[in-house]
Amino acid sequence: MSPRTPVDTIIAAARWLDARGWMPATAGNCSLRIDPRTILITVSGAAKGALTRQDVMQIDDTCKPLDSDRAPSAEAALHASLYRLDPRIGAVVHTHSVPATVLGLPAAANSWNWTGYEILKAFPGVRTHEAHVEIPVFANRQDMTALVNEIEARWKGPPFPGYVLGGHGSYAWGVDMDEAIRAIEALEFLAACELERRRIHP
Ligand SMILES: [Zn+2]
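Colleague: When you look at the overall build of the chain in this model, what are you seeing that I'm missing?
Modeller: Check the secondary structure of the chain and you find five helices and eight strands. The N-to-C order of helical and strand elements in the chain reads α-β-β-β-α-β-α-β-β-α-β-β-α. Here the chain has a C-alpha radius of gyration of 16 Å; the compact-globule value for 202 residues is 17 Å, and the two agree. On the principal axes, the C-alpha backbone points of the chain span a range of 50 × 40 × 30 Å. When the 202 residues of the chain are sorted by exposure, 49% land in the buried category. Residue pairs at least 24 apart in sequence account for 59% of intrachain contacts in the chain once pairs closer than 6 positions are excluded. Surface summary for the chain: the accessible area is close to 9800 Å², and the carbon and sulfur share equals 55%. Placing the 20 positive and 23 negative side-chain charges of the chain at their respective mean positions leaves the two points 1 Å apart.

Here it is as structure tokens:
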């Protein structure tokens, strides 16, 4: 397998997610932790299907830019908070899909509880479709500090493999980019199933 740099990994991940329609209008973002205090993340406002190496930048764990005068993604604080919460997390991805956006409304803080779906086994540690997986749904906010505080408070409860921001999109993570992509793909697949199920059984 040819070696791939962390920047190339982010560019490839963003292209893959964009091709599924989950990164509309420059939305969404991807990051990798490259050392304990350094995060590689997509810059703000770049089309995710056509990123260049200049569209990926380093920030520290307080979101301070390290190697670029461009601004990191507007939601860099949410990525940084996940890396702080769990030192095993090596990659974070964020999408703006139609199913997750719609299902997260009305934007009252609540959660989705999924069971019975075979795809649940795509989440780390899940062995059977009979497992119960909870995905927290947080009301969307523009105040990143308030949102980070809310997510960090919820982290003290039962573990969850991703979360949704109502009317906004999804976050998922993993030890590396492959695991993060698998988690977001499972989350998006489940959101699409749930939307379809509600259409059939309103
Ligand atoms: Zn977003």
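That was the structure; now back to the text.
Colleague: Mind showing me how you'd approach the environment of R37 here?
Modeller: When you line up the elements, R37 lands in the loop between strand 1 (29–35) and strand 2 (38–42). Contact partners of R37, with chain neighbours within four places excluded, come to I59, D60 and D61. Side chain to side chain, R37 and D61 meet in a polar contact 2.9 Å long.

Colleague: Hey, could you run me through the pairing of strand 7 (residues 162–165) in this one?
Modeller: Within a regular beta strand, the side chains point alternately toward one face of the sheet and then the other, so they alternate between its two faces. Of the two faces of strand 7, the one lined by G162 and V164 and the one lined by Y163 and L165 are each fully buried. Pairing of strand 6 (residues 133–138) with strand 7, which is carried by two bridges, proceeds in the parallel orientation. Note on strand 7: the bridge partner recorded for V137 is V164. Once you follow strand 6 into helix 4 (residues 144–155) and on to strand 7, the crossover reads as right-handed. Bridge analysis of strand 7 against strand 8 (residues 169–174) gives four bridges, and the strand direction is antiparallel. Residue pairing for strand 8: V164 is matched across the bridge by S170. Hairpin remark: strand 7 followed by strand 8, antiparallel, with three residues in the connecting loop; positive phi at G167, about 70 degrees.

Colleague: Explanation requested: the coordination of the zinc ion in the structure shown.
Modeller: Four donors placed tetrahedrally about a metal ideally form angles of 109.5 degrees, and six donors placed octahedrally ideally form angles of 90 or 180 degrees. Looking at the zinc ion, the protein donor atoms are E75 (OE), H94 (NE2), H96 (NE2) and H168 (NE2), and they sit 2.1 to 2.3 Å from it. Of note is the zinc ion, whose four donor atoms meet at the metal with angles of 94 to 152 degrees in an arrangement that counts as irregular. Counting residues between consecutive donors of the zinc ion along the chain gives the motif E-x18-H-x1-H-x71-H. You can see H96 sitting in the loop between strand 4 (91–95) and helix 3 (98–103) and its partner H168 sitting in the loop between strand 7 and strand 8, a full 72 residues away along the chain. Among the residues examined, H168 registers a relative accessible area of 11% and is labelled buried.

Colleague: Would you mind going over unusual backbone geometry with me for this structure?
Modeller: In most cases, non-glycine residues show a negative phi, while peptide bonds are predominantly trans. Residues other than glycine seldom take positive phi values, yet T26 does so here, at roughly 70 degrees. If you trace the backbone, T26 turns up in the loop between helix 1 (6–19) and strand 1. A residue is classified by how much of its surface remains accessible, and T26, at 34% relative accessible area, is partly exposed. A positive phi angle is found at C63, which is not glycine, with a value near 75 degrees.

Conventions adopted
- Residues numbered from 1 in each chain as written.
- Predicted model: local features only at pLDDT ≥ 70, side-chain atom pairs only at ≥ 80, totals over all residues.
- Heavy atoms only, no water.
- Helix = DSSP H or I, 4+ residues; strand = E, 2+ residues; numbered from the N terminus.
- Rg over C-alpha atoms; globule rule 2.2 N^0.38 Å.
- Buried < 20%, exposed > 50% of the residue type's maximum accessible area, 1.4 Å probe, protein only.
- Contact = heavy atoms within 4.5 Å.
- Areas by Shrake-Rupley, 256 points an atom, 1.4 Å probe, with all protein chains shown as cover.
- Lys, Arg positive; Asp, Glu negative; His and termini not counted.
- Charge placed at Lys NZ, Arg CZ, Asp CG, Glu CD.
- Polar contact = N/O pair within 3.5 Å; in protein donor to acceptor, adjacent residues only side chain to side chain.
- Pairing = 2+ DSSP bridges.
- Right-handed = clockwise from strand over helix to strand, strands pointing away.
- Donors = N, O, S within 2.8 Å, 3.2 Å for Na, K, Ca; no water.
- Tetrahedral: all angles 85-135°; square planar, octahedral: opposite > 155°, others 65-115°.

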